[in-house]
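Letter by letter, the chains look like this.
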Amino acid sequence: MKSFIVTAGLILLLGTAQAQKRLTAVVTSKGTVVEHKVTSGESLLYLSNKYGISLSTLARANGLKTNQDIRIGQLIRVPVTAANLNTKSRKGIPVYYEAGAKDNLTTISRKFNRVDIKTLKSWNKLRKDVVSKGQDLLVGYMTDNAAKKEEDKKETAATNSGADIKAGKKVTATSAVNIRKGAGTDKAVVGTVQKDEVVTVTRRVNSEWAEIRTADGKKGYMAAQFLEPAASQPEEEKSTAKSGSDLKAGTKVTVSSAVNIRKGPGTDQPVVGRLEKDEVVTVTRRINDEWTAIRTADGKKGYMASQFLETADRAVTETREVPKTAAAKNSGKKVKAATDTYINIRKGPGTDQPVVGQAQKDELLTLIRRVNDEWSVVRTGDGTEGYAASQYLVDPSVEPAPPVAKKEQPAARAEKQMAITGTGINIRKGPGTNEPVVGRAESNEIVTVTRDVNSEWAAVRTGEGVTGYIASRFLGPVGSNNVAEAAPEETAVAKTESKKQPRTKTEAPVSSAPVAETAPPAVGFDESGYFKTAYDTQTGAAATKDRSVHAGVFKTDKGWDDGKYYMLIDGIPSGTIVKLSNPNANTSVYAKVLGDIKSLKQKKGPAARISDAAATALRINAGDFDVVVTH
């Protein structure tokens, strides 16, 4: 009896081992899968690598999360794909399929990557194409990367002997590899080492794992198969790498090209900044031959590819040779804008930073801080602070001071009276549509232009003392019919009475955002619109009618460059070309009707909407307005 039990047990063990050497294929509504029975030490990640399928696909096929644990004995369904099922040769784990009542060799071939029928007959020793229900058929061989890795490990273990990788040795990583909390793939990842990064072996755990320490002091465990002695680095790579004496901690270096600053030493790390060519930075730590930890002049820290760094001695010398083109370095000193036109003042130290203001030729600025040899923080006379290129800032004492008369009455800086040519024009805190609104100016209101910032913006002061910036295209000469030509007291009364008048129902405010000021169109651009010719052809000699409507805007990228303006309105067929007029500014454009306003399903709102480009061309800068429609 005892002998029988032992024998039966042996038979059972052999049966289990045999079962592990083959897989059963199952056809589901979502496709064909093989069923793998989980054994000790296996995880979803292990199985995804073993069978050559992505972790997310494997998890989804089993209704699991990618980081979810699986239990011993659990059946995991592995999708069968063209990539992981070999139907050409006997390489991998054999996959068997139990034939159904309606199966034949043709239908089975289609289910398994169209395996050749002759191959199926050969593998299963069949003479005919007919198969029986319940018959087990060999249909292919599943990828087994785990078996291949075991072979690779044996080969690697032979190469990486204890004599090569032992405590105290400098070694390099042969590829990007995880640093783990313990010696095993089931241990938590605590860091990553990049390809060719040099680490120190602190202890050889066994033939598969080594305890290491990175250059920045991080400790952990790495698979020994990804380590090789540092001396085995190719000589040609060494000769092209920058030596430690060139890029060592504390050294000032220059950037040889525009390059990214990254959060960590690798191109897969997020970008935290950008440096321009010839900008000077400080090396804080040399990571390896490919990456260097740096600190910029304004204190930003990160990692840069070493190949784009070179010693800064030459650049510093050249800068010292041209002191007249650099600003005085002492904070609080006055500097002058040395330019024939104007210089931009930016939000940050770089030409890719947004412009927050401008300084005109010979304008005096206050130097707040010298960032580096290329950029300085300055403040204009009206309080705008930002970054200006140092090369355009000079000490006013370098040149003789201009005569007082010229200072008092410079032609370009004289104050002048201008009239507002639009309705509800925004007055902004700075010269840009991203600046906050500090006030509004109405049609024909007279303002004082204190300074022309550039071709697009002017600094103004209203009659009520509000100061700010207005888009220059909304400023025109003062005409004889302007209300503001009257005495200041009369103007104030007129404004007060106008504000007290109640709105009619058609003038109810709408929720549409104001149209943003935009750059003026290109020279020669016909602001009346792309559809002008079509309007003339459409109307011909036919009589037209005018209709005044209360309108709002809708946003679109059309019309800004090509003059293709559009409108939504009830009562006019889609496709009709109409003429839109703004009586307040004496402007008109031509637009195409896209549809009715009812399609927007708005509870309350204007009777029509026009594209924001059309509103800008009409010199309208309000959320709601009256416009005349002619068709």
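For clarity, every value in this text was computed on a predicted model and none was experimentally measured. (Residues numbered from 1 in each chain as written. Predicted model: local features only at pLDDT ≥ 70, side-chain atom pairs only at ≥ 80, totals over all residues. Heavy atoms only, no water.)

Draft legend 1. Examining the packing of aromatic side chains more closely. Scanning the entire structure with this criterion turns up five aromatic pairs. Ring centres 5.7 Å apart and planes at 70 degrees place the aromatic pair Phe531 and Tyr566 in the edge-to-face group. With Phe531 in the loop between α10 (488–500) and α11 (532–539) and Tyr566 in strand β36 (residues 565–569), this residue pair connects regions lying 35 residues apart in the sequence. Of the residues examined, Tyr566 reaches a relative accessible area of 16% and is grouped as buried. (Phe/Tyr/Trp six-rings, centres within 6.5 Å; stacked < 30°, edge-to-face > 60°. Helix = DSSP H or I, 4+ residues; strand = E, 2+ residues; numbered from the N terminus. Buried < 20%, exposed > 50% of the residue type's maximum accessible area, 1.4 Å probe, protein only.)

Draft legend 2. View of the confidence of the model for the chain. When pLDDT is averaged along the chain, the result is 75; 77% of the residues meet or exceed 70. Predicted confidence is poor over residues 313–329, with pLDDT under 50, and the contacts of this stretch with residues over four places away or in other chains come to 21 contacts. (pLDDT = per-residue confidence, 0-100. Contact = heavy atoms within 4.5 Å.)

Draft legend 3. Region of the structure containing the side chain of Thr172. As for its placement among the helices and strands, Thr172 is situated in strand β7 (residues 170–173). According to the relative accessible area criterion, Thr172 is buried, its value standing at 5%. Each residue touching Thr172, except ones within four places of it in the same chain, is listed here: Asp196, Glu197, Val198, Phe226, Leu227, Glu228, Pro229 and Ala230.

Draft legend 4. Examining helix α5 (residues 117–124) more closely. Among the residues of α5, those classed as buried are Thr119, Leu120, Trp123 and Asn124. Buried positions in α5, seen along its axis, are confined to an arc of 115 degrees and lie on one side of it. Summarising the geometry of α5, the exposed residues directed more than 90 degrees from the buried face are Lys118 and Ser122. Packing partners of the buried residues in α5 comprise β4 (85–86), α4 (105–111) and β6 (136–142). The backbone nitrogen of Lys118 lies 3.0 Å from a side-chain oxygen of the residue at the head of α5, namely Asp116. Of the residues flanking the end of α5, it is Lys125, one or two places downstream, whose phi is positive at about 55 degrees. (Arc of directions from axis to C-beta. Polar contact = N/O pair within 3.5 Å; in protein donor to acceptor, adjacent residues only side chain to side chain.)

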